[in-house]
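# Coordinate inspection notes
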Amino acid sequence: MKTNIKAWLVREEDGKIYLYTKKPEKCYIGRETWYSDDTDPIQVKELPQGVNPQWEDKEPIEVVFKVKKL
């Protein structure tokens, strides 16, 4: 069983923050945007203090979720 899950956070130009399960890259698809084979990124409303992705970032922020059975 996996005990950790990697994901990546990015902020789009419109200010919305998304979580991807596959590392995205900035690319041009009619406009500049973050893109990954992950077709369903999750929009994030709140982040931990000190985590603040910016549109100007060249790389996404890598995060690791620890899976723990409660």
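Here, the structure is the one placed above.
No experiment lies behind these values; they were computed from the predicted model shown.

## Digging into the pattern of salt bridges
Between side chains of opposite charge, a pair can form when the charged atoms approach closely. Tallying each qualifying case throughout the model produces two salt bridges. In this structure, the salt-bridge partner of Glu-59 is Lys-23, at a minimum N-O distance of 3.1 Å. One end of the pair, Glu-59, is in the loop between strand 5 (42-44) and strand 6 (61-66); the other, Lys-23, is in the loop between strand 2 (17-20) and strand 3 (25-28), and 36 residues separate them in sequence. The exposure class assigned to Lys-23 is partly exposed, which follows from its relative accessible area of 47%.

## Quick word on the pairing of strand 2
Side chains of strand 2 alternate between two faces, with Ile-17 and Leu-19 and Tyr-18 and Tyr-20 buried alike. When strand 1 (residues 4-11) meets strand 2, the two strands line up antiparallel, connected through four bridges. Each bridged residue has a counterpart across the sheet, and for Arg-11 the counterpart in strand 2 is Ile-17. What sits between the antiparallel neighbours strand 1 and strand 2 is a turn of five residues, in which Gly-15 has the positive phi angle 95°. By the bridge criterion, three bridges tie strand 2 to strand 5 in an arrangement that is antiparallel. Bridge pairing in strand 5 links Tyr-18 to Gln-43.

## A short note on the sheet that holds strand 1
Strand-to-strand pairing in sheets goes through backbone hydrogen bonds, with the strands running parallel or antiparallel. Taken in spatial order, the four strands make up an open sheet running 5-2-1-6, and their pairing is antiparallel. Edge positions in the open sheet fall to strand 5 and strand 6, since each of these has one partner strand only. Looking at each pair of strands side by side, their axes are set apart by 35° on average, direction ignored. Bridge count between strand 1 and strand 6: six bridges; the pairing is antiparallel.

What counts as what
- Residues numbered from 1 in each chain as written.
- Predicted model: local features only at pLDDT ≥ 70, side-chain atom pairs only at ≥ 80, totals over all residues.
- Heavy atoms only, no water.
- Salt bridge = Lys/Arg side-chain N within 4 Å of Asp/Glu carboxyl O.
- Helix = DSSP H or I, 4+ residues; strand = E, 2+ residues; numbered from the N terminus.
- Buried < 20%, exposed > 50% of the residue type's maximum accessible area, 1.4 Å probe, protein only.
- Pairing = 2+ DSSP bridges.
- Axes fitted to C-alpha atoms, helices over the stretch in contact; angles between N-to-C directions.

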